[in-house]
Amino acid sequence: MALDHNIVVLVGGVGGAKLALGLQMILPPEQLTVIVNTGDDFWHYGLRICPDIDTVLYTLSGRVDPVNGWGLADDSRVVLQSLADYGENTWFGLGDKDIATHLLRTHMLRNGHSLSEVIDHLAKAQGIQSAILPMTNDPVPTIVETAEYGELAFQEYFVKYRWQPTVTGLRYQDIEQASLNPAVTSALQNADMILFGPSNPWLSIEPILSVPGMRDTLLACDVPRVAVTPIVDGQAIKGPAAKLMAELGYDDVSAQNVAKHYGQIINGFVYDKSDAAFHVDALHTIGMDTIMKNNADKARLAQQMLAWIKEWT
Ligand code: FO1
């Protein structure tokens, strides 16, 4: 890989952050830009919480909880327990050190800083040199329509109800009025390669694609645009992707149908090598070991992807 390549990766939470870490391990920091979903962001006890952003920050700074893949390693839950002692339903697992991130973010937002500025500050303070960009600075909460409870705020669906309700629809509230982060446009226009992490295509990537101007900007980028499957052998690597696909009406929960869902947005797709090979018109496809159990796996997948993409460009 030539050293002057700019690589942009679009991600949601845990799975996408792993690929971003693999890329960080093999690239000079100024060549990597991570665009992150903010549809999961919400207010909780007066704090602004940005779960996917924080998962990326904690992963790239090497501080993430290795068991959960979100939150901080070696954190305690004294505040959460104190809330429980007041009789609160503490369904959202906030660690004490993690709360400091939410306090500082909320403080900075209240003092007039944009979300981009806050993330930049948090990233630099954690020693992260690559650019971590929210897709938009505007709040665009994902709303999950469910058969059992009607409309649920995303974190209620995901954490409180452990993604068990049946999803009948999704909407990204206020997305029509949202402005694409100008730094995102510029990163994409300067990209030599655009990657889509093995994140949930509907819950994590679709909100990013739905920001007005994002699809057109991507389609105008005449560079490799390559997604990694979140589905292996009909199952999600983590989280509700497979269950959601079935609920959204896919008879066949497969990597191939994820590739078809992305359609023209991508021109390359990496499925897991344990799955059957498939071909879709005008799409470069390859099987790789996409399961990232440790840091060596993350760097290997990132390296193999870049090497393969270089072969067909
Ligand atoms: N995910 C959970 O499954 N349970 C939690 O209690 C939880 C707490 C939490 C706190 C801070 C944070 O940044 C993330 C947290 N997550 C939790 C993860 C997160 O809600 C989801 O993984 C994402 O929103 C989906 O990408």
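Residues numbered from 1 in each chain as written. Predicted model: local features only at pLDDT ≥ 70, side-chain atom pairs only at ≥ 80, totals over all residues. Heavy atoms only, no water.

**Examining the sheet that holds strand β7 (residues 150-153)**
Backbone-to-backbone hydrogen bonds pair the strands of a sheet. The strands run either parallel or antiparallel.
Now for step 1: Taken in spatial order, the 3 strands make up an open sheet running β7-β6-β8, and their pairing is antiparallel. Single-partner strands in this sheet number two, and they are β7 and β8 (167-172). Neighbour to neighbour, the strand axes of the sheet diverge by 25° on average, direction disregarded.
Now for step 2: For strand β6 (residues 142-146) and β7, the ladder comprises 4 bridges, and the chain directions are antiparallel. Residue Thr-146 lies in a different strand from β7, and its bridge partner there is Gly-150. (Pairing = 2+ DSSP bridges. Helix = DSSP H or I, 4+ residues; strand = E, 2+ residues; numbered from the N terminus. Axes fitted to C-alpha atoms, helices over the stretch in contact; angles between N-to-C directions.)

**Brief notes about the sheet that holds strand β13 (residues 268-272)**
Now for step 1: Read from one edge of the open sheet, 7 strands run β5-β2-β1-β9-β10-β13-β14, paired in parallel fashion. Whereas interior strands pair on both sides, the edge strands pair on one side only; in this sheet they are β5 (131-134) and β14 (284-288). Averaged over all neighbouring strand pairs, the angle between strand axes comes to 20°, with direction disregarded.
Now for step 2: Across 5 bridges, the pairing between β13 and β14 is parallel. Bridging from a neighbouring strand, Phe-269 pairs with Thr-285 of β14.
Now for step 3: Here helix α8 (residues 201-210) sits on the sheet and contacts β1 (7-11), β2 (32-36) and β9 (193-196); the angle it forms with β1, its principal contact strand, is near 115°. (Contact = heavy atoms within 4.5 Å.)

**Observations concerning the side chain of Asn-267**
Now for step 1: Relative to the elements of secondary structure, Asn-267 occurs in the loop between α11 (255-262) and β13.
Now for step 2: The buried category is assigned to Asn-267, whose relative accessible area is 18%.
Now for step 3: Within the structure, Asn-267 has its side chain in polar contact with the backbone oxygen of Val-223 (distance 3.1 Å).
Now for step 4: Of the polar contacts made by the side chain of Asn-267, one reaches the backbone nitrogen of Arg-225; its length is 2.7 Å.
Now for step 5: Not counting the four nearest positions on each side in its chain, Asn-267 is found in contact with Val-223, Pro-224, Arg-225, Ala-282, Leu-283, His-284 and Trp-312. (Buried < 20%, exposed > 50% of the residue type's maximum accessible area, 1.4 Å probe, protein only. Polar contact = N/O pair within 3.5 Å; in protein donor to acceptor, adjacent residues only side chain to side chain.)

**Observations concerning α11**
A turn of α-helix holds 3.6 residues, and therefore any two residues three or four places apart point the same way.
Now for step 1: Among the residues of α11, Ala-255, Asn-257, Val-258, Ala-259 and Tyr-262 are the ones counted as buried.
Now for step 2: Where α11 is buried, its residues touch α8, β10 (225-228), β11 (231-232), α10 (241-247) and β13.
Now for step 3: A positive phi of about 55° marks Gly-263, the residue just after α11.

**Points about the site of the ligand**
Now for step 1: If you check the shell around the ligand, you find 13 residues, and the closest are Asp-40, Asp-52, Phe-92, Gly-93 and Gln-155.
Now for step 2: The separation between a nitrogen atom of the ligand and a polar side-chain atom of Trp-70 is 3.5 Å.
Now for step 3: Gln-155 places a side-chain nitrogen or oxygen 2.8 Å from an oxygen atom of the ligand.
Now for step 4: Considering the ligand on its own, with 530 Å² of exposed area, one finds that the protein chains cover 87% of that surface.
Now for step 5: At the level of elements, α2 (51-60) and α6 (154-160) are the ones that each hand at least two residues to the shell around the ligand.
Now for step 6: The biggest single contributor to the shell around the ligand is α6, with 4 residues.
Now for step 7: Class assignment of the residues belonging to the shell around the ligand gives a composition of 7 nonpolar, 2 polar and 4 charged. (Near = heavy atom within 4 Å. Areas by Shrake-Rupley, 256 points an atom, 1.4 Å probe, with all protein chains shown as cover. Nonpolar A, V, L, I, M, F, W, Y, C, P; charged D, E, K, R; others polar.)

**Some remarks on the environment of His-102**
Now for step 1: Tracing the chain through its elements places His-102 in helix α4 (residues 96-110).
Now for step 2: A sequence separation of 56 residues divides His-102 from Gly-46, and the C-alpha atoms of the two residues are 9.5 Å apart.
Now for step 3: Excluding anything up to four places from it in sequence, His-102 contacts Leu-47, Arg-48, Ile-49, Asp-54 and Leu-94.
Now for step 4: Within the structure, His-102 has its side chain in polar contact with the side chain of Asp-98 (distance 2.9 Å).

Geometry only, nothing functional implied.
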